[in-house]
Structures are given as C-alpha cells and as structure tokens.
Amino acid sequence: MFLLNGNMLCGARRHKDGVGRFMFRVGKANESMALKDPMAKEVIHGTRKLGGFVYVEEGDCDDPALRRWVELCLEHAAALPAKD
C-alpha cells in the first residue's frame, strides 16, 4: 500500500493463483469517470461496494496506464487533509 500524507493512494496484490492486480483510490468524484475505462472494475469487499476505489488487473496496466492511474490517485489524495 502506498500513502501520501497518511492517505491511501493505491496498493498491489498477487493472489495465490499468481494473478496480480492494483487497487487505486481515485475518490468518489472520479469513480464514474474511472469506471469508463474498460480495464477498471468496481471494488467489492464482501458484499459491500467500496466507493472511490477501482481494481485494474496487472496485465491490463502497462507503464503509461500505471502512470495515469497513479496521477489520478495523487490528485485525489492531495486534496485530502493530512493524517498523522
């Protein structure tokens, strides 16, 4: 997990089956725009949708795409108050 001023930006995880994916915190205001990307999926934790977060599979996230996602996360996190 990566943070900016104590606020989550994104994380990465490799599952037991070897498939990796990123979770990006884009913010609720950017979520609908982010989900227009065909590679982005809603984050469902149990039965609850986590607003403001999207998943992108590792294979669908080349270097330019990763840069765009991280820039969106940075933009969102920079607007949040810092946490201790």
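Analysis parameters
Along each chain, residues carry numbers from 1 onward, in the same order as the chain's sequence is written. For a predicted model such as this one, the threshold for reporting local features is a pLDDT of at least 70, and the threshold for listing and counting side-chain atom pairs is 80 or more; totals across whole chains, interfaces and linings nevertheless cover every residue. The side-chain figures draw on all heavy atoms in the structure; neither hydrogens nor water molecules are used. Secondary structure elements are defined from DSSP: runs of H or I of at least 4 residues count as helices, runs of E of at least 2 residues count as strands, and each element is numbered from the N terminus. A positive count includes Lys and Arg, and a negative count includes Asp and Glu. His and the chain ends are not counted in either. Where a charge lies is defined by one atom per residue type, namely NZ (Lys), CZ (Arg), CG (Asp) and CD (Glu). In this analysis, strands are considered paired if DSSP registers two or more bridges between them. Think of each axis as a best-fit line through the C-alpha atoms, taken over the contacting stretch in the case of a helix, with angles from 0 to 180 degrees between the N-to-C directions. Contact definition: two residues touch when any of their heavy atoms are within 4.5 Å. Note on classification: 1.4 Å probe, protein chains only; a residue is buried when its accessible area is under 20% of the maximum for its type, exposed when over 50%, partly exposed between these limits. By nonpolar core we mean a set of buried residues, namely Ala, Val, Leu, Ile, Met, Phe, Trp, Tyr and Cys, connected to one another through side-chain atoms within 4.5 Å.

A. Expanded view of the overall build of the protein chain. The number of helices and strands found in the protein chain is two helices and five strands. Secondary structure elements in the protein chain, listed N-terminal to C-terminal, are β-β-β-α-β-β-α. Along the first, second and third principal axes, the C-alpha set of the protein chain runs to 35 × 30 × 25 Å. Averaging the locations of the 13 positively and 12 negatively charged side chains of the protein chain gives two centres separated by 6 Å.

B. The sheet that holds strand E1 (residues 2-4), seen in detail. Pairing is antiparallel in the open sheet, where five strands are placed in the order E1-E2-E3-E5-E4. Each having just a single partner strand, E1 and strand E4 (40-45) make up the two edges of the open sheet. Adjacent strand axes in the sheet meet at a mean angle of 30 degrees, parallel and antiparallel pairs treated alike. Both strand E2 (residues 7-14) and strand E3 (residues 20-25) contribute to a ladder of five bridges, which runs antiparallel. Within E3, the residue paired with Arg14 across the bridge is Gly20. In the packing of helix H2 (residues 63-78) onto the sheet, the strands contacted are E1, E2, E3, E4 and strand E5 (48-57), and the crossing angle to E3 comes to about 30 degrees.

C. Spatial organisation of the pairing of E4. Strand direction decides the pairing type here: E4 and E5, joined by five bridges, are antiparallel. Along E5, the bridge assignment pairs Lys41 with Tyr55. The antiparallel pairing of E4 with E5 creates a hairpin that spans two residues between the two strands, and Gly46 there sits at a positive phi of about 70 degrees.

D. Expanded view of the side chain of Glu31. Structurally, the position occupied by Glu31 is in helix H1 (residues 28-34). Classification of Glu31 by relative accessible area gives buried; the value is 9%. Filtering out sequence-adjacent residues up to four positions away, Glu31 remains in contact with Val26, Lys49, Leu50, Gly51, Gly52 and Phe53.

E. Broad picture of the nonpolar core. Phe24, Val26, Ala34, Val54, Val56, Cys61 and Trp69 are the most contacted members of the largest nonpolar core, which totals 15 residues. Those elements giving two or more residues to this core turn out to be E2, E3, E5 and H2. Element by element, the count of residues in this core is highest for H2, at five residues. The residues contacting Trp69, other than those within four sequence positions of it, are Phe24, Val26, Ala34, Asp37, Ala40, Val54, Val56 and Cys61. Formed by five residues, the second largest nonpolar core is a distinct cluster that contains Met8, Val43, Leu50 and Tyr55.

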